[in-house]
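Residues per chain, in single letters:
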Amino acid sequence: MVIELYQLPYSAPCLQVRMVGKILNIPIETKHLDLEKGEHLKPEFLKINPFHCIPTMVDDGFALWESRAIMTYLVNKYAPESSLYPKDAKARATVERWLYWDTGSLYATLFSYYIVIIEGGKPDPAVATLFMDKVKLLDEALAKTKYLCGDNITLADLSVLCSISAAKGADFDLSAYKNIERWLKTLETNSASWWKELVTDPIKDFREFLRNCSR
Ligand SMILES: N[C@@H](CCC(=O)N[C@@H](CS)C(=O)NCC(=O)O)C(=O)O
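Note that the structure is a prediction, hence the values are computed from the model and not measured. The numbers attached to residues start from 1 for each chain and follow its sequence in the written order. Owing to the predicted nature of the model, reporting of local features is limited to residues with pLDDT of at least 70; listing and counting of side-chain atom pairs is limited to 80 or more, with chain, interface and lining totals taken over all residues. Side-chain numbers here rest on the full set of heavy atoms in the structure, without hydrogens or water.

**Student:** What should I look at first to understand helix H5 (residues 125–142) in this one?
**Tutor:** Residues spaced three or four apart along an α-helix point in a common direction, a consequence of the helix completing one turn every 3.6 residues. The end-to-end C-alpha distance of H5, which contains 18 residues, comes to 26 Å, matching closely the 26 Å that a straight helix rising 1.5 Å per residue would cover. Considered for burial, the residues of H5 that qualify are Val127, Ala128, Phe131, Met132, Lys134, Val135, Leu138, Asp139 and Leu142. Down the axis of H5, the sector holding all buried residues measures 160 degrees, keeping them to one side. Near the N-terminus of H5, the side chain that reaches the backbone nitrogen of alanine 126, with its oxygen 2.8 Å away, is that of aspartate 124. Secondary structure follows DSSP: runs of H or I at least 4 residues long count as helices, runs of E at least 2 residues long count as strands, and numbering of each begins at the N terminus. Every helix has an expected span of 1.5 Å times one less than the residues it contains. Burial here depends on accessible area, computed with a 1.4 Å probe over protein chains only, as a share of the maximum for the residue type. Under 20% is buried, over 50% is exposed, and the range in between is partly exposed. Regarding the arc, it is the one traced by the directions from the helix axis to the C-beta atoms. Whenever two N or O atoms come within 3.5 Å, that pair is a polar contact, provided that in protein one can donate a hydrogen and the other can accept it, and provided that, for residues adjacent in sequence, both atoms are side-chain atoms.

**Student:** Help me out: how do you make sense of the environment of asparagine 25 in this one?
**Tutor:** Within the fold, asparagine 25 resides in the loop between helix H1 (12–24) and strand S2 (28–32). Judged by relative accessible area, which is 68%, asparagine 25 ranks as exposed. Considering only alpha carbons, one finds asparagine 25 and glutamate 81, 56 residues apart in sequence, at a separation of 14 Å.

**Student:** Explanation requested: the pattern of salt bridges in the structure shown.
**Tutor:** When charged atoms on two side chains of opposite charge get close, those side chains can pair. When a carboxyl oxygen of Asp or Glu lies within 4 Å of a side-chain nitrogen of Lys or Arg, that pair is called a salt bridge. Under the counting rule described, the total for this entry stands at 15 salt bridges. Here lysine 37 ties to aspartate 34 by a salt bridge, and the two come within 3.8 Å at their closest N and O atoms. With a relative accessible area of 62%, lysine 37 lands in the exposed category. Close ionic contact of aspartate 201 with lysine 204 constitutes a salt bridge, the shortest N to O distance being 3.4 Å.

**Student:** I tried to follow the packing of helix H4 (residues 89–118) against helix H6 (residues 155–169) on my own but got confused; where do I start?
**Tutor:** The relative placement of two packed helices comes down to the angle between their axes together with the axis-to-axis distance. To get an axis, a line is fitted to the C-alpha atoms, and for a helix only the part in contact is used. The angle between two axes follows their N-to-C directions and goes from 0 to 180 degrees. Two elements in contact, H4 and H6, have axes separated by 8 Å at closest approach and are oriented at 10 degrees. In terms of their interaxial angle, H4 and H6 are classed as roughly parallel. The element H4 and its partner H6 pack so that their crossing is left-handed. Across the interface between the two elements, Val95, Trp98, Leu99, Asp102, Leu106, Tyr107 and Leu110 from H4 touch Leu155, Ala156, Ser159, Val160, Ser163, Ala166 and Ala167 from H6. Just so you know the grouping, Ala, Val, Leu, Ile, Met, Phe, Trp, Tyr, Cys and Pro go in nonpolar, Asp, Glu, Lys and Arg go in charged, and all remaining residues, Gly too, go in polar. The residue makeup of the contact of H4 with H6, split by class, is 11 nonpolar, two polar and one charged. Relative orientations are named as follows: roughly parallel for angles under 35 degrees, roughly antiparallel for angles over 145 degrees, roughly perpendicular for angles from 65 to 115 degrees, and oblique for any other angle. By the definition used in this description, the sense in which the near helix is turned from the far one sets the handedness, with an anticlockwise turn below a right angle giving left-handed and a clockwise turn giving right-handed. Whether two residues touch is decided by their heavy atoms; if any such pair falls within 4.5 Å, the residues are in contact.

**Student:** Which parts of the structure should I look at to understand the domain arrangement of the protein chain?
**Tutor:** As a measure of interface size, the accessible area lost when the parts come together is often cited. What the domain assignment lists for the protein chain is domain 1 (3–79) and domain 2 (89–214). A straight line from the C-alpha centre of domain 1 to that of domain 2 covers 20 Å. Listed per partner, the contact involves 17 residues of domain 1 and 19 residues of domain 2. Computed with a 1.4 Å rolling probe, the buried area is the accessible surface lost when two parts are put together, summed over both parts. If you sort the residues of domain 1 by the area they bury against domain 2, Tyr10, Met19 and Arg68 come out on top, with a joint share of 39%. Scanning the region where domain 1 abuts domain 2 turns up three salt bridges. A salt bridge links aspartate 102 to arginine 68; its shortest N-O distance comes to 3.1 Å. Inspection of the domain 1/domain 2 interface yields five residue pairs in polar contact (both at pLDDT 80 or more). Broken down by secondary-structure element, the contributors of at least two residues to the side of domain 1 that touches domain 2 are H1 and helix H3 (67–78). A total of nine residues in the side of domain 1 that touches domain 2 trace back to one element, the largest contributor, which is H1. Domain start and end points were adopted from an automatic or database domain assignment.

The following block contains the structure:
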């Protein structure tokens, strides 16, 4: 039984799910859903996900959306011993703290910045500042550890990595944040087999997409 993932190749929430698949060797069949053509609003997709968002996973008839819920499901179901999502209550809570911070704060702020561009408007510099305040906090946190939760890569790194990649696609200059740059280099070194496909190329494609929206 192959897991299906309805997605867009440069969407941050979709990429983090695909990273989990790569790291855990879980076969995932990607199904491209073109939001611009409204494919997510067609009755056949609404039957699978009435909330019409991607990523949406279907595993043996079980449909799930919300990227971070999909990530934790994949580990729980297919690799429960993986250190990507540790079982120890405190270690797991620390991973989840980052996942919730990313979805509710870091990525949420970035999203409210670039959705304006997608809708043909001019993004609000105050939102950019708010986002960079969060980047600064992230950089400070990374001064203390190799990865977000210590010495091992976890779901927290994959989630936040996709937000940071999307920020680069949205032309945020993060080069002054040396701890983030060092963390990215470490992640890249340990993810060489999928870095181009799931990080470098999507940054380029997302940038191109946003630039086309503002033309
Ligand atoms: N919190 C959601 C966000 C997903 C999201 O923003 N998806 C966008 C594309 S990147 C989408 O599906 N937009 C179309 C819609 O919601 O109708 C997650 O992490 O999965």
